[in-house]
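Breakdown of the fold
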Amino acid sequence: MPARDSQSFRPARHPLAARLVILLTVVGIIGLIGASAYFADRIGLKGGQSWIILVPVAVASVVIGFCGAFLAERLNNAAPRRVSASAWRAGMMAKQRAFEAHPDPRLRRYAVFFERGIDLADSEIARREQRLREIERDPAKAKYAERIFKGETITDAAIAYWEDPWARVTCEHLTEIEGDLRRADPGMRPGGGKTVFTALDFDLPELTRRYRPADSVAMQNGHWDDRAPSSDPMLRCRACNAAIIGGFGASFPMAPTG
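Remember, predicted model here, so these are calculated numbers, not experimental data.

Rules of the game
Residues numbered from 1 in each chain as written. Predicted model: local features only at pLDDT ≥ 70, side-chain atom pairs only at ≥ 80, totals over all residues. Heavy atoms only, no water. Salt bridge = Lys/Arg side-chain N within 4 Å of Asp/Glu carboxyl O. Helix = DSSP H or I, 4+ residues; strand = E, 2+ residues; numbered from the N terminus. Buried < 20%, exposed > 50% of the residue type's maximum accessible area, 1.4 Å probe, protein only. Pairing = 2+ DSSP bridges. Axes fitted to C-alpha atoms, helices over the stretch in contact; angles between N-to-C directions. Arc of directions from axis to C-beta. Contact = heavy atoms within 4.5 Å. Core = buried A, V, L, I, M, F, W, Y, C linked by side-chain atoms within 4.5 Å. Phe/Tyr/Trp six-rings, centres within 6.5 Å; stacked < 30°, edge-to-face > 60°. Lys NZ or Arg CZ within 6 Å of the ring centre and 35° of its normal.

1. Thoughts on the pattern of salt bridges
Summed over all chains, the structure comprises 15 salt bridges. In this structure, the salt-bridge partner of Glu124 is Arg127, at a minimum N-O distance of 2.9 Å. Of this pair, Glu124 and Arg127 both sit in helix H6 (residues 122-135), 3 residues apart, roughly one helical turn. A relative accessible area of 21% means that Glu124 is categorised as partly exposed. For Glu163, the salt bridge identified is with Lys143, shortest N-O distance 2.9 Å. Taken together, the residues span a long stretch of sequence, with Glu163 in helix H9 (residues 156-163) and Lys143 in the loop between helix H7 (139-142) and helix H8 (145-149) at a distance of 20 residues.

As structure tokens, then:
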């Protein structure tokens, strides 16, 4: 939803202008150095005497280079343009009405996103529609259509994994943990290769006590710190290059009660 007073609308970066500034800065410095050398030669300054001109020119060149680099950085990383909240809402309403009147009934349903203040790009709508058309003929895949329509990326590999409760993608050292995790987190999904992702966190002492992982399994606690990159909980088998990557949900396994 838009901010109270303003809303980011589109990037205001100017990469071509930034490159032009860099080019002009380099040309300016070269021209300044060349002109100073020519002037020193014209007035007969030789050897050490030429430093009377060259030192100030060198200082000026550094200042020009710094200013040019600073301006280019500002142009290339300018803050997003902002428009008033009323203009933002008017834009969303216009897009909503355009989709509600779209001749293709498949596309009309995307009007709901603009009604909710979600500005979907045409490329994102095309991506979702392409994926939906791919799965529509297969009942096992088609039941995931609503989630894809809402924006979730769901691959064929993920569907195959969810449809087969006995499927495992890790290795012999992690397969028991993976199986129990699947029962605790039905949304767990493969991540390519011998990797799976779960939303659950790991209780490493309880996990070690219950499963007694092989020596090849390294266990990592997760952390989330705004001052540093986040680190997800992870169980990784170094021998098989397999991993279970956790999240920050409920702990697994649950410690026994009573």
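2. Structural notes on the sheet that holds strand E4 (residues 195-197)
Taken together, the 5 strands give an open sheet; going across it, the order is E3-E4-E8-E7-E6, and neighbouring strands pair in mixed fashion. Of all the strands in the sheet, the pair left with one neighbour each is strand E3 (189-192) and strand E6 (217-220). Across this sheet, the average inter-strand angle for adjacent strands is 20°, counted without regard to direction. Across 3 bridges, the pairing between E3 and E4 is antiparallel. Counted as the bridge partner of Pro190 is Val196 from E4.

3. A short note on helix H11 (residues 204-211)
The complete set of buried residues in H11 reads Leu204, Glu206, Leu207 and Tyr211. In a view along the axis of H11, the buried residues occupy a sector of 160°, so they form one face of it. Looking at the buried side of H11, the elements it contacts are helix H10 (175-184), strand E5 (201-202), E6, strand E7 (234-237) and strand E9 (251-252). Just past H11, the residue Arg212 takes up positive phi, approximately 45°.

4. Notes on the nonpolar core
If you look at the biggest cluster of nonpolar residues, it comprises 39 residues, and the most contacted ones within it are Tyr110, Leu174 and Ile177. Counting residues per element, this core draws most heavily on H9, at 4 residues. Setting aside chain neighbours within four positions, we find Tyr110 in contact with Phe99, Leu120, Ile125, Arg128, Glu129, Leu132 and Phe149.

5. Describing the packing of aromatic side chains
Overall, the coordinates contain 6 aromatic pairs when judged by the stated rule. Taking the centre distance of 5.1 Å and the plane angle of 25° together, the rings of Phe99 and Phe114 count as stacked. With Phe99 in helix H3 (residues 85-100) and Phe114 in helix H5 (residues 111-115), the pair connects residues that are 15 residues apart, well separated along the chain. The same class applies to Phe99 and to Phe114, which are both buried. Members of the aromatic cluster, connected to one another through ring pairs, are Tyr110, Phe113 and Phe149. The ring of Phe113 has Arg128 lying over it, and the distance from NZ or CZ to the ring centre is 5.3 Å. Sitting over the face of the ring of Tyr161, Arg182 holds its NZ or CZ atom 3.9 Å from the ring centroid.

Don't take any of this as a statement about function, it's just geometry.
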